[in-house]
Amino acid sequence: MNWHRLSVAETFELLGTTRQGLSANAAEQKLVQTGPNELQEGKKKSIAGMLLAQFKDVMILILLAAAIISGIIGDLTDTIVILVIVILNAIIGFFQEYRAEKAMQALKQMAVTQARVLRDGNTAWLPATVLVPGDVILLEAGSAVPADVRITESVNLKIEEAALTGESHAIDKIIHSLESDDLPLGDKKNMAFKGTFVTYGRGTAVVIATGMQTELGRIAKMLQEDETLTPLQQRMASFGKKLSVLVLFLCILFFVAGWLRGEDVVKMVMTSISLAVAAIPEALPAVITISLALAAKRMIRFNSLIRKLPAVETLGSVTYICTDKTGTLTKNKMHVEDVFVNGELYERNVLQTIKQQEQVNLLLHAFALNNDAVAGDDKIIKGDSTEIALMEIAREQDIQSDTWPRLAEIAFDSDRKLMTTFHSHDNKIISFTKGAPDILLQRCADIDLVAMQQQVDDMAAKGHRILGFAYRYWDVLPENPDIEIHESGLHFLGLTGIIDPPREEVFDAVAQCKTAGIVPVMITGDHPLTAKTIAERIGILSSNNDLVITGQQLAAMDNDNFLAKVERIKVYARVSPEQKLQIVKMLQQKGHYVAMTGDGVNDAPSLKRANIGIAMGITGTDVSKEAAHMILLDDNFSTIVKAVREGRRIYDNILKFIKYLMTTNSGELWTLLLGPMIGLPVALLPIHILWINLVSDGLPAISLSFEKGKDIMNRPPRPPQQSVFANGRGLHMIWVGMLMAGIALSAQAWAINNGLHWQTIVFNVLCLSQMGHVMAIRSDNQSLFGAGIFSNKPLIGAVFIALLLQIVVTYTPFLQPIFQTESLTLNEFIIVGALSSIVFFAVEIEKAVFKRNRGHHSTDL
């Protein structure tokens, strides 16, 4: 329903009410039909439900089955260890999901508790939840708007709608109907919306929508959409399913083959469990979570607060950054850039040289005197952002306003768009009038109206907000200033071009984005011309192919047309919350990973839906912060680019420890599968495999996250669909795993033939091989010595601790029965060390051989 197009009388008639409000009986009947004026939550997940959902993963179910079977056949040590791993993973997952449930609760808290309502012609304070369409409410400065309403009376009524529309200044409210059908919320000036606030004046309004039918309710519905999975979550989910099928197949095959050969059933069950445990990288979820948490802690240092840990690695895959303009790309502070006076256009910095000219001096006084901004005790100017900008330029030119006292005024109102003040100076009365140039110029005498209007258009084309100034001398001070008399026959003084300028650091940040293959896109509630000007200045618009589009133009497009153009559109102006969500979905449909910034309630659905939602820490609402994955503590676009750099670094390192951990699993699998085939006993027990997977691998894997990146922002983002096995990682896992198995099985055969502690030797060979492997894979194409042995000190420490722990479980008497180990002689341990070093040298040779071919495709990390 286009309520903004109806007159006040038509609105009352359609809602079946009057200026006296509804009767109590009519309101009760309507309340039964419409329901309470509150936001409804979607189906809420219970705590128990969220906890149980963590156990649905097939790999977790396989581990649980392995734990149960181990317990049944009497191996309680393995059962306890496996259950501890599974429960820890479940707890980590649960807390991530529990935090995501809070966004809707924050939105509900915005609901107003009390409203001043006219019922049966009498004013009463009622709970906002009992409001119904047709209720007449009273609004005044400081009150919150309790429902969506049509304004019926406005006395200088101004409403702050930034949370819903993104408009940074309060909107003057009017009562007459508006002509256009498809107006964005910010332009529906005869309406007000639930969750916004009255900042000035007073008025009355009639309720036209309550609860989920309000604009806030529509946002609440959109917030109930499911979040998208991060790139790594998607890849790991796919990888987990494939691995689970492989594990089940290998376990069944191995068990059946052994049973047919007449092997002992209990022994085959234990071996099958060993296979399952060997194939599943138990440490991987914990290692990823810990490394992301460490990265999140580092990111606070450059003003990025990570709310949802997977967001860290998502940053590494971002291909589009959709950013708000005001405060993020710009300073969120109005600034006078150009001044037109004496028939010439001057830049701000030239005023110092011409301020002695009479017209210029008068214009500068007009800036300071026709102005309600005031300086506090701290010398900081407070007031309307435009008036602050005018006061600052007057101060800059040392304009003293104390000797020009204000004697009278005609206050600004939104209908005539002018403000006039009267002052005494040198025994004369002078008035200054400022306002919209199209109105002001009509009130000026002796000007070329066509030429002046052209000048206004030229300045506006640069994206400036234009204000006009005029003056007039009077013989006496008017007792009751009259608009028709005292705002006519004016002498034109000049024009100002005012804009919220870009932040200095944004220019470099946008350039870095483009170098890194990331497309920055501006989405703003501002005027298209202003948006285009800023976008051109900072480099977002840099090609004739780039498009600027308004919300109205977007609404006129069908989905196919929008999908065809979405990658060319670099600036969106005056868009609705649904359209922001649509932009995100369309870019995702094109295969992009989208970062979206926002600060208002209207941004919450698109923040939640984006691959990474970024809320503003300074100006952001609680709702936007709860829906976001990350919060910018300084509201600065360049901070996003720093966060992307960190995200790429950590994602590259995550790929390294997937490569590292999966190579270990590959080595264990080949050892267990090939050993019996060549007549050797099963080399490892489940407790050995769990020790290798969790302790020997876990600490070095976490330490890989400290590897520093090199030239990270000089390459395009990793393709979103790229597998974790791409760029030779999968092949590496197989051949290095086979090499480890070959070394381990050779050591096993040698130890058996020589009557040595063969199981302890195999256990130690595999553990120590991992240490050599982790040192070799720190860089994809540089040798360990080229990268610097001590350039990652935490990794050196982790390898040392892992070696120390391996010695402890091998030689400590009370641990030997648990780990089924026996003390090795010094010679045996030296042989184990020599065999384990083969993996290190083999991987270093691989890098040297293939360095030239891979140099063009690898990232040196």
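Above: the structure in question.
Let me sum up the structure you'll find in this document.

Let's shift gears to the overall build of the chain. A tally of regular secondary structure across the chain gives 34 helices and 24 strands. With respect to the three principal axes, the spread of C-alpha positions in the chain is 120 × 70 × 50 Å. Across the 861 residues that make up the chain, the buried fraction comes to 54%. For the chain, the distance from the average position of its 79 positive side-chain charges to the average position of its 89 negative side-chain charges is 6 Å.

Turning to helix α17 (residues 449-460), a few remarks are in order. Its twelve residues place the ends of α17 16 Å apart at the C-alpha level, agreeing with the 16 Å of an ideal helix rising 1.5 Å per residue. Among the residues making up α17, those that are buried are Met452, Gln455, Val456 and Met459. Along the axis of α17, the buried residues cluster in a sector spanning 100°; they form a single face. Those residues of α17 that are buried are in contact with β10 (335-341), β11 (344-347), α16 (437-440), β17 (465-474) and β18 (491-499).

Bringing the environment of Gly698 into the picture now. Along the chain, the position of Gly698 falls in helix α28 (residues 698-703). In this structure Gly698 comes out as buried when scored by relative accessible area, which is 5%. Beyond its immediate sequence surroundings of up to four residues, Gly698 is in contact with Val287 and Asn693.

Geometrically, a pair of aromatic rings is defined through the distance of the ring centres and the angle of the planes. Taken as a whole and assessed by the stated rule, the structure comprises eight aromatic pairs. Plain terms: the ring middles of Phe367 and Phe469 are 5.0 Å apart, the flat faces sit at 65° to each other, and that makes the pair edge-to-face. Of this pair, Phe367 sits in helix α14 (residues 358-369) while Phe469 sits in strand β17, and the two are 102 residues apart along the sequence. Note on accessibility: Phe367 and Phe469 belong to one class, buried. Where Phe562 meets Tyr572, the ring centres are 6.4 Å apart and the plane angle is 85°; that geometry is what we call edge-to-face.

This paragraph deals with the packing of helix α10 (residues 265-279) against helix α26 (residues 637-677). Where α10 meets α26, the axes come as close as 8 Å, and the angle between the chain directions of the two elements is 160°. By the criterion of interaxial angle, the relationship of α10 to α26 is roughly antiparallel. α26 is crossed by α10, and the crossing has left-handed handedness. Note on element contacts: α26 touches α10 through Met662, Asn665, Glu668, Leu669, Leu672 and Leu673, opposite Ser274, Leu275, Ala278 and Ala279. In terms of residue class, the contact of α10 with α26 is built from seven nonpolar, two polar and one charged.

With that out of the way, let us pick up the nonpolar core. Among the nonpolar cores identified, the biggest contains 124 residues, and Ile321 and Phe637 are the most heavily contacted of them. When neighbours within four sequence positions are excluded, Ile321 is seen to be in contact with Cys513, Ile518, Val519, Pro520, Val521, Ala595, Phe637, Ile640 and Val644. Val341, Ala366, Ile399 and Ile498 belong to the second largest nonpolar core, which has 32 residues in total.

It is worth spelling out the pattern of salt bridges at this point. Pairs can form between side chains of opposite charge whenever their charged atoms are close. In the structure shown here, the tally under the stated rule is 28 salt bridges. The salt bridge involving Glu387 is made with Lys434; its shortest N-O contact spans 2.6 Å. Of the two residues, Glu387 is situated in helix α15 (residues 385-396) and Lys434 in strand β16 (residues 428-435); the sequence distance between them amounts to 47 residues. Each member of the pair Glu387 and Lys434 is classed as buried. Of the charged contacts in the structure, one is a salt bridge between Lys580 and Asp603, with a shortest N-O distance of 2.3 Å. Of this pair, Lys580 sits in helix α23 (residues 577-589) while Asp603 sits in the loop between β22 (594-598) and α24 (604-609), and the two are 23 residues apart along the sequence. The exposure classification of Lys580 matches that of Asp603, with both residues buried. Taken together, the salt bridges that share partners define one network made up of Glu215, Arg218 and Glu578.

All right, on to helix α19 (residues 506-515) then. Turning to α19, its buried residues number three or more, namely Val506, Ala509, Val510 and Cys513. Along the axis of α19, the buried positions cluster into a sector of 95°, meaning they face one direction only.

Helices that pack against each other are described as a pair by the angle of their axes relative to one another and the distance between those axes. Close contact between α26 and helix α27 (residues 686-696) brings their axes to 11 Å; oriented N to C, the two are set at 170°. The angle between α26 and α27 places the two elements in the roughly antiparallel class. Side by side, α26 and α27 meet where Tyr660, Thr664, Asn665, Glu668 and Leu672 of the first sit next to Ile689, Ile692, Asn693 and Ser696 of the second. For the contact of α26 with α27, the class distribution of residues is four nonpolar, four polar and one charged.

This brings us to the side chain of Arg416. For Arg416, the location among the structural elements is in the loop between β14 (406-410) and β15 (418-425). Judged by its relative accessible area of 9%, Arg416 is buried. Reaching out from Arg416, the side chain makes a polar contact with the backbone oxygen of Ile410 at a distance of 3.2 Å. There is a polar contact of 3.0 Å between the side chain of Arg416 and the backbone oxygen of Leu418.

Turning our eyes to something else, we now look at the sheet that holds β17. Working definition: the strands of a sheet are paired by backbone hydrogen bonds and lie parallel or antiparallel to each other. Strand order in the open sheet formed by seven strands is β11-β10-β18-β17-β16-β15-β14, with antiparallel pairing between adjacent strands. Either end of the sheet is taken by a strand with one partner, and the two such strands are β11 and β14. Strand-to-strand twist in this sheet, taken as the mean axis angle between neighbours without regard to direction, amounts to 25°. Where β16 meets β17, seven bridges bridge the pair, whose relative direction is antiparallel. Along β17, the bridge assignment pairs Ile429 with Trp474. Running over the sheet, α14 touches β10, β14, β15, β16, β17 and β18 and is turned about 60° from β18.

The rules behind each value
- Along each chain, numbering runs from 1 in the same order as the chain's sequence is written.
- Reporting in this predicted model follows two pLDDT cut-offs: at least 70 for local features of residues, and 80 or more for side-chain atom pairs to be given and counted; totals over whole chains, interfaces and linings ignore these cut-offs and use all residues.
- Calculated side-chain values reflect all of the structure's heavy atoms, with hydrogen atoms and water omitted.
- Secondary structure elements follow DSSP: runs of H or I of four or more residues count as helices, runs of E of two or more count as strands, with numbering from the N terminus.
- Only protein chains enter the calculation, and the probe is 1.4 Å; a residue is then buried if its accessible area is under 20% of its type maximum, exposed if over 50%, and partly exposed in between.
- The convention is simple: Lys and Arg are positive, Asp and Glu are negative, and His and the chain ends are not counted.
- Charged side chains are reduced to one point each, which is NZ for Lys, CZ for Arg, CG for Asp and CD for Glu.
- The length a helix should cover is 1.5 Å for every residue beyond the first.
- In this description, one arc is meant: the one made by directions from the helix axis to the C-beta atoms.
- We call two residues in contact whenever any of their non-hydrogen atoms come within 4.5 Å of each other.
- In this analysis, rings of Phe, Tyr and Trp, with Trp reduced to its six-membered ring, are considered paired at centre separations within 6.5 Å, and the interplanar angle assigns stacked below 30 degrees, edge-to-face beyond 60, and tilted for intermediate values.
- As a rule, the C-alpha atoms of each element are fitted with a line to give its axis, helices using only the stretch in contact, and angles between N-to-C directions run from 0 to 180 degrees.
- Reported orientations rely on four angle classes, namely roughly parallel under 35 degrees, roughly antiparallel over 145, roughly perpendicular from 65 to 115, and oblique for the rest.
- Each crossing gets its hand from how the near helix is turned against the far one by less than a right angle, where anticlockwise is left-handed and clockwise is right-handed.
- Asp, Glu, Lys and Arg are counted as charged, while Ala, Val, Leu, Ile, Met, Phe, Trp, Tyr, Cys and Pro are counted as nonpolar; the rest, among them Gly, fall into the polar class.
- Buried residues of nine kinds, namely Ala, Val, Leu, Ile, Met, Phe, Trp, Tyr and Cys, make up a nonpolar core once their side-chain atoms join them within 4.5 Å.
- Whenever a carboxyl oxygen of Asp or Glu lies within 4 Å of a side-chain nitrogen of Lys or Arg, that contact is scored as a salt bridge.
- Here a polar contact is recorded for every N or O atom pair within 3.5 Å, except that within protein the pair must consist of a potential hydrogen donor and a potential acceptor, and residues adjacent in sequence are included only if both atoms are side-chain atoms.
- A pair of strands is treated as paired once DSSP finds two or more bridges between them.

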